[in-house]
Amino acid sequence: MAIFNKAKDNISIKDIELPEHIGIIMDGNGRWAKKRGLPRTAGHTAGAQTFRKIARYCSDIGIKYLTVYAFSTENWKRPKEEVNAIMKLFKEYMIEAINDFQDDSIVVKFIGDRSVFSPDMLELIERNEQDSKDRDGMVLNIAMNYGGRDEIVHAVRNIAQDVKEGILSVDDIDAQLISDNIYTATQPDPDLIIRPSGEYRTSNFLLWQSAYAEYCIMDVLWPDFKSEHLDKALIEFAKRNRRFGGI
Ligand code: FPP
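About the cut-offs
Residues numbered from 1 in each chain as written. Predicted model: local features only at pLDDT ≥ 70, side-chain atom pairs only at ≥ 80, totals over all residues. Heavy atoms only, no water. Phe/Tyr/Trp six-rings, centres within 6.5 Å; stacked < 30°, edge-to-face > 60°. Helix = DSSP H or I, 4+ residues; strand = E, 2+ residues; numbered from the N terminus. Buried < 20%, exposed > 50% of the residue type's maximum accessible area, 1.4 Å probe, protein only. Lys NZ or Arg CZ within 6 Å of the ring centre and 35° of its normal. Near = heavy atom within 4 Å. Polar contact = N/O pair within 3.5 Å; in protein donor to acceptor, adjacent residues only side chain to side chain. Nonpolar A, V, L, I, M, F, W, Y, C, P; charged D, E, K, R; others polar. Axes fitted to C-alpha atoms, helices over the stretch in contact; angles between N-to-C directions. Left-handed = near helix turned anticlockwise from the far one by under 90°. Contact = heavy atoms within 4.5 Å. Parallel < 35°, antiparallel > 145°, perpendicular 65-115°, else oblique. Pairing = 2+ DSSP bridges. Salt bridge = Lys/Arg side-chain N within 4 Å of Asp/Glu carboxyl O.

A. The arrangement of the packing of aromatic side chains in detail. All chains considered together, the criterion is met by 10 aromatic pairs. With a centroid separation of 4.6 Å and 20° between ring planes, the pair formed by Tyr-69 and Phe-205 is classed as stacked. Note that Tyr-69 is positioned in strand E2 (residues 65-72) and Phe-205 in the loop between strand E5 (192-196) and strand E6 (214-218), a separation of 136 residues in sequence. Assessed through its relative accessible area of 9%, Tyr-69 is described here as buried. An aromatic cluster is built from Tyr-69, Tyr-146, Tyr-183 and Phe-205, whose rings are joined through pairwise contacts. Over the aromatic face of Phe-101 sits the side chain of Arg-56, whose NZ or CZ is 5.6 Å from the ring centroid.

B. View of the environment of Lys-53. With respect to the helices and strands, Lys-53 occurs in helix H2 (residues 40-61). The exposure class of Lys-53 is exposed, given its relative accessible area of 58%. Each C-alpha atom of the pair Lys-53 and Asp-189 lies 23 Å from the other, and the pair is 136 residues apart in sequence.

C. Here's a closer look at the site of the ligand. Asp-27, Gly-30, Arg-31, Arg-40 and Arg-78 are the nearest of the 18 residues found near the ligand. Residue Gly-30 places a main-chain N or O atom 3.1 Å away from an oxygen atom belonging to the ligand. No other element matches the 5 residues that H2 contributes to the shell around the ligand. Broken down by class, the residue content of the shell around the ligand amounts to 8 nonpolar, 6 polar and 4 charged.

D. View of the packing of helix H3 (residues 80-100) against helix H4 (residues 119-132). Closest axis-to-axis distance for the H3/H4 pair is 10 Å, and the angle between their directions is 35°. For the crossing formed where H3 meets H4, the hand is left-handed. Taken together, the residues of H4 that come into contact with H3 (itself represented by Met-87, Phe-90, Lys-91, Met-94, Ile-95, Ala-97 and Ile-98) are Asp-120, Met-121, Leu-124, Ile-125, Arg-127, Asn-128 and Asp-131. Grouping the amino acids of the contact of H3 with H4 by side-chain chemistry returns 9 nonpolar, 1 polar and 4 charged.

E. Here's a closer look at the packing of H2 against helix H7 (residues 227-239). Two numbers describe how H2 lies on H7: the axes approach to 10 Å, and their chain directions differ by 50°. In terms of orientation, H2 lies oblique with respect to H7. Of the two elements, H2 crosses H7, and the hand of that crossing is right-handed. Contact residues: H2 offers Ile-54, Tyr-57, Cys-58 and Ile-61, while H7 offers Ser-227, Leu-230, Asp-231 and Leu-234. Within the contact of H2 with H7, the residues separate by chemical class into 6 nonpolar, 1 polar and 1 charged.

F. Expanded view of the sheet that holds strand E1 (residues 21-25). One open sheet accounts for 6 strands, arranged E3-E4-E2-E1-E5-E6; its pairing is parallel. Each of the sheet's edge strands pairs with one partner strand only, and the pair in question is strand E3 (107-111) and E6. For this sheet the average axis-to-axis angle between neighbouring strands, irrespective of direction, equals 20°. Pairing between E1 and E5: 3 bridges, direction parallel. Residue pairing across strands places Ile-22 opposite Leu-192, the latter belonging to E5. Seen against the sheet, H3 touches E2, E3 and strand E4 (139-146) and runs at an angle of roughly 145° to E2. Packing against the sheet, H4 makes contact with E3 and E4, and its axis sits at approximately 140° to E3.

G. Spotlight on the environment of Gly-28. Following the sequence through the fold, Gly-28 ends up in the loop between E1 and helix H1 (29-35). Assessed through its relative accessible area of 3%, Gly-28 is described here as buried. Along the chain, Gly-28 and Ile-63 lie 35 residues apart, while their C-alpha atoms are 24 Å from each other. Each residue touching Gly-28, except ones within four places of it in the same chain, is listed here: Ser-197, Leu-221, Trp-222 and Pro-223.

H. Representation of the pattern of salt bridges in the model. A full pass over the atoms with the stated rule returns 18 salt bridges. Residue Arg-127 pairs with Asp-131 through a salt bridge whose shortest N-O separation is 3.9 Å. A residue pair is termed a helical-turn pair when its members lie 3 or 4 positions apart in one helix, as Arg-127 and Asp-131 do in helix H4 at 4 residues. Accessibility expressed as a relative area gives 41% for Arg-127, which makes it partly exposed. Exposure remark for Asp-131: the relative accessible area of 39% places this residue in the partly exposed category.

Structure, rendered in structure tokens:
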């Protein structure tokens, strides 16, 4: 099913070339809640609903890869109550995806260091990946306990181990080898990274992969993010002149 909205300047997304891979930093949940006098956790609940809608929309319009930044390696510093509330939202989503998405086309993957998760969370993560791996639709990467630096450290350790065991030589190490050893190995790099909530930071998101990504910073808090905002970012992306270091 194709859904095409007209953005403000009257260009429809059906008239433009869409990015293959979009990354989204789902930022602004806390501020959204504060503005309404609600606890921060209410912002995350609303943010989880926005995630569901936007992931579905991306799949409907034909995006091939979507990576959402849901929980960083640094987010454990937050109050326990907030961390627990976010973990509960993950669990709810993963159970829902197992039960209700059997006929879906979306391939669900998790990127990040999963060694910290409890056995029941791990089981849900693995079941989601297993159940969806043969589907032919959009790949949805959910970044949980994800950090770009942490990802690179893991990749370097794997490569160093292979060198130590004589499987690789130092001369084999190049950018492609590092790309092959990060969580998104086999996937194309993101073309477009959207950050709602107006912050101009990468916040440790897809550091290696974003070398030539176009950024779109949007002045809207994540729970208020709608398909129209995505269309606006797509149209903005289509106007960019990507040179990848050339002229
Ligand atoms: C950043 O906003 C948001 C997070 C750290 C959590 C994101 C989690 C969700 C959207 C819900 C769960 C997701 C899934 C996949 C079901 P912030 O809290 O830093 O906002 P602030 O900058 O306004 O405080």
